[in-house]
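Letter by letter, the chains look like this.
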Amino acid sequence: MSIVMAGVSLLTYGLVFVTPGDPAYTILHERRGSPPSDAEVAAFRAEHGLDEPFVSQYLSWLSGVLRGDLGTSYFRSESVSTLLLQYLPNTLELAVAAMIVSLALAVPVGVVSAVHRDTWIDRTSQIAALLGVSMPNFWLGYLLILVVSLQLGLTPTSGSGTLSHLVLPAITLGTGLAAIVTRLVRTSMLEVLEAEYVDTARSKGVRERLVVYKHALRNALIPVVTIVGLQFGFVLSGAVVVEVVFQRPGLGTLLVDAVFARDYPVVQGVVLVTAVAFVITNQLVDLAYVALDPRIERGERA
Amino acid sequence: MSERHADEHTWRSPDAVLEWLRERTRSQFAWSLRTNPGVRFGGTLVCLLAVVAVFGPLLSPYDPTAQALEARLEAPSLAHPLGTDALGRDVATRIVHGARVSLALAVAATAVRVVIGTTIGLVAGYLGGLVDAALMRLVDIQLAFPGLVLALVIAGVLGPSLRNVMIALSVVGWASYARVVRGNVLEVKDRPFVEAARLYGTPRRRIARRHLLPNVINPVVVLATMNLGTIVLTAAGLSFLGLGAQPPTPEWGTMIAGGREYLRSAPWLVTAPGIAIMATVIGFNVLGDGLRDVLDPDHLEERERRRS
């Protein structure tokens, strides 16, 4: 875990050094559209500590990070941590809303498809799930804007703040995830429905409806809940593109803007926060998995 | 009657029996491959796409990049089945050329991932010990980043271009292959046939290639097929953000980005490339699902795919 974290931080910091040529020169060149003078390059380097060797730059960045200081943006006056704190809530809001949308869609559909296995209901929902995973989410976003915002005039096309701003982005991001989760719920439900305790409940004369929704569903959801946690990375990746489509301020738009502006401290900050959040979620999911199902041995998954 | 009966029970040499068994499993395998609905449907879709990508551009009367400003934003018609874009270019022609770009990129990036991932997985699983521990930490580090975020930053830092997106998508994403291959190697490496090869004095490299690789290749094929679809999606996403193919290159993601300003007046500019992307990804996903049923009934790769 700590080795992984160290590697993550090294990779995050080192990523921007794959810039072809000299980063300082490239940044200044792209910023003003003309080749900068040697003095300007030297001044930029000195200002941002780029004239030191890589290892000492990395170590001073890392020691800052450990104290909660992620550096300062090249172009804005705010520190990177201020920017992150400013944009993070918007992205979290979107991620949580998308998770809710996906569960609200996937659990009923997955259960119904497992109960009516191999009927037209099951096939239709499987085809829908296939369409869901195969659809580019930015494209779905524009289709929704086209129909819901432009034709029906129900929601604003872009921005953030109110619930009506959140609806379309959450649906856009939630559908892809819903498609994955539907399949999981279905598989897990099918497994549970064949378990002995379900047969026992049936043979005692418990009504089928109760068997499905009380006995089976509860157990089927255990693996689903943990695997949904593992999809956190998917949600974060998806949020980047969805935020751009709906012009929502968030970590995604912050990252994309910073990448284009070559605002490296901001890029490093966003990537580090994403990766750390991702590692921690996966770790928690692993723990939850073991806690919920003692049959799983630890080790292979860690 | 009795003669024929006797004939059927003619003694066969062990070699002949082995050959007969081999032939039988091979044809059974081919049969299940041919009759699997996923393989049939997905395979057909993918083959169609490949044909379109290879021969489509030869059939179109239009140039995918030549501007014709007198024919801007024309609605779909017989002359332009999918309409024209803001610079008067034929959308259908650009979509067909886009298939070349997307498929070539997906195949190239997947090939690099497969080679890197399989090699690392083989080496880690077979050598074990410190080498294994070190390589697996590398895998963990890569899996700590959401794929798109890492690819986005690499492509952005290298500078926006199609080539850099390909590089970015090649160097991320091999970790899943490494994990799957390593897991399978660990399972087979102590089996008698590997032991026998070792006792026989077969060089390690040859054991890895001739005895281990064939036993781990099936889940890799399944994972790679699924990956082709994911890469088409991710590459389109990066191009949409402006990091990949630059105008006027006909690329599906770039086309969607270019069409979004005309969402109300010319909705076909956004819809058509999206459907092209979706059809491609559906093809690879269905083919991958079908191949998994045939090649990897235990779903070894599935757990890894969920993580990536």
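Residues numbered from 1 in each chain as written. Chains lettered and ligands numbered in written order. Predicted model: local features only at pLDDT ≥ 70, side-chain atom pairs only at ≥ 80, totals over all residues. Heavy atoms only, no water.

Things to note about the overall build of chain B
A tally of regular secondary structure across chain B gives 13 helices and zero strands. When the helices and strands of chain B are read in sequence order from the N terminus, they spell out α-α-α-α-α-α-α-α-α-α-α-α-α. Against the compact-globule benchmark of 19 Å for 308 residues, chain B has a radius of gyration of 24 Å, which places it well outside the compact range. Seen through its principal axes, chain B has C-alpha atoms that stretch 80 × 65 × 25 Å. The buried share of chain B, taken over its 308 residues, is 52%. Long-range pairs, those at least 24 residues apart, make up 71% of the contacts in chain B between residues at least 6 apart in sequence. Accessible surface computed for chain B: about 14,900 Å², of which carbon and sulfur atoms make up 63%. Looking at charge distribution, chain B has the averaged site of its 31 positive side-chain charges lying 6 Å from that of its 25 negative ones. (Helix = DSSP H or I, 4+ residues; strand = E, 2+ residues; numbered from the N terminus. Rg over C-alpha atoms; globule rule 2.2 N^0.38 Å. Buried < 20%, exposed > 50% of the residue type's maximum accessible area, 1.4 Å probe, protein only. Contact = heavy atoms within 4.5 Å. Areas by Shrake-Rupley, 256 points an atom, 1.4 Å probe, with all protein chains shown as cover. Lys, Arg positive; Asp, Glu negative; His and termini not counted. Charge placed at Lys NZ, Arg CZ, Asp CG, Glu CD.)

Some details on the interface of chain A and chain B
Tallying the contact residues gives 50 residues for chain A and 47 residues for chain B. When chain A packs against chain B, close to 4,300 Å² is buried across both sides, 76% of that on carbon and sulfur atoms. By the criterion of area lost to chain B, the three top residues of chain A are Phe138(A), Trp139(A) and Tyr142(A), representing 15% of everything that side buries. For the pair chain A and chain B, the number of links is one salt bridge. If you look at where chain A meets chain B, you find four residue pairs in polar contact (both at pLDDT 80 or more). Broken down by secondary-structure element, the contributors of at least two residues to the side of chain A that touches chain B are helix H1 (2-15), helix H6 (120-134), helix H7 (137-151), helix H8 (163-193), helix H11 (232-245), helix H12 (251-261) and helix H13 (264-292) of chain A. The dominant element in the side of chain A that touches chain B, judged by the number of residues it contributes, is H13(A), at eight residues. Considering only residue class, the side of chain A that touches chain B consists of 37 nonpolar, nine polar and four charged. (Buried area = accessible area lost by both parts, 1.4 Å probe. Salt bridge = Lys/Arg side-chain N within 4 Å of Asp/Glu carboxyl O. Polar contact = N/O pair within 3.5 Å; in protein donor to acceptor, adjacent residues only side chain to side chain. Nonpolar A, V, L, I, M, F, W, Y, C, P; charged D, E, K, R; others polar.)

A few points about the packing of aromatic side chains
Residues and elements named next belong to chain A. Here the structure, examined in full by the defined rule, presents eight aromatic pairs over all chains. Between Tyr-13 and Tyr-58, the aromatic rings sit 6.0 Å apart at their centres with planes inclined by 50°, giving tilted as the arrangement. One end of the pair, Tyr-13, is in helix H1; the other, Tyr-58, is in helix H4 (residues 54-66), and 45 residues separate them in sequence. You can call Tyr-58 buried: its relative accessible area is 11%. Summarising the aromatic geometry, the rings of Tyr-13 and Trp-61 are spaced 4.9 Å apart at their centres and angled 35° between planes, so their arrangement reads as tilted. Separated by 48 residues along the polypeptide, Tyr-13 in helix H1 and Trp-61 in helix H4 bring together distant segments of the chain. For the pair formed by Tyr-13 and Trp-61, the shared burial category is buried. Members of the aromatic cluster, connected to one another through ring pairs, are Tyr-13, Phe-54, Tyr-58 and Trp-61. (Phe/Tyr/Trp six-rings, centres within 6.5 Å; stacked < 30°, edge-to-face > 60°.)

A look at the side chain of Ser149(A)
In this fold, Ser149(A) is placed in helix H7. Apart from residues lying up to four places away in sequence, Ser149(A) is in contact with Leu144(A), Leu154(A), Thr155(A), Pro156(A), Thr157(A) and Leu168(A).

So, the pattern of salt bridges
Residue and element names in this part refer to chain A. Here the structure, examined in full by the defined rule, presents nine salt bridges over all chains. The shortest N-O distance in the salt bridge between Asp-122 and Arg-186 comes to 2.8 Å. On the criterion of sequence distance, the pair formed by Asp-122 in helix H6 and Arg-186 in helix H8 is long-range, its members being 64 residues apart. Both residues of the pair, Asp-122 and Arg-186, count as buried.

Let's talk about the environment of Asp286(A)
If you trace the backbone, Asp286(A) turns up in helix H13. Overall, Asp286(A) belongs to the buried group, its relative accessible area being 5%.

Focus on a positive patch on the surface
Together, Arg205(B), Arg206(B), Arg209(B) and Arg210(B) line one region of the surface with positive charge. Among the structural elements, Arg206(B) can be located in helix H10 (residues 204-241). (Patch = residues over 30% accessible without salt bridge, like charges linked within 9 Å, V, L, I, M, F, W, Y side chains within 5 Å.)

Some points on the packing of H7(A) against H11(A)
All names here are of chain A. Following both chains from N to C, one finds H7 and H11 inclined at 30°, their axes separated by 9 Å at the closest point. In terms of orientation, H7 and H11 fall into the roughly parallel class. Note that H7 runs across H11; the crossing there is right-handed. Here Asn-137, Phe-138, Gly-141, Tyr-142 and Ile-145 of H7 lie close against H11, whose contacting residues are Gly-238, Val-241, Val-242 and Val-245. (Axes fitted to C-alpha atoms, helices over the stretch in contact; angles between N-to-C directions. Parallel < 35°, antiparallel > 145°, perpendicular 65-115°, else oblique. Left-handed = near helix turned anticlockwise from the far one by under 90°.)

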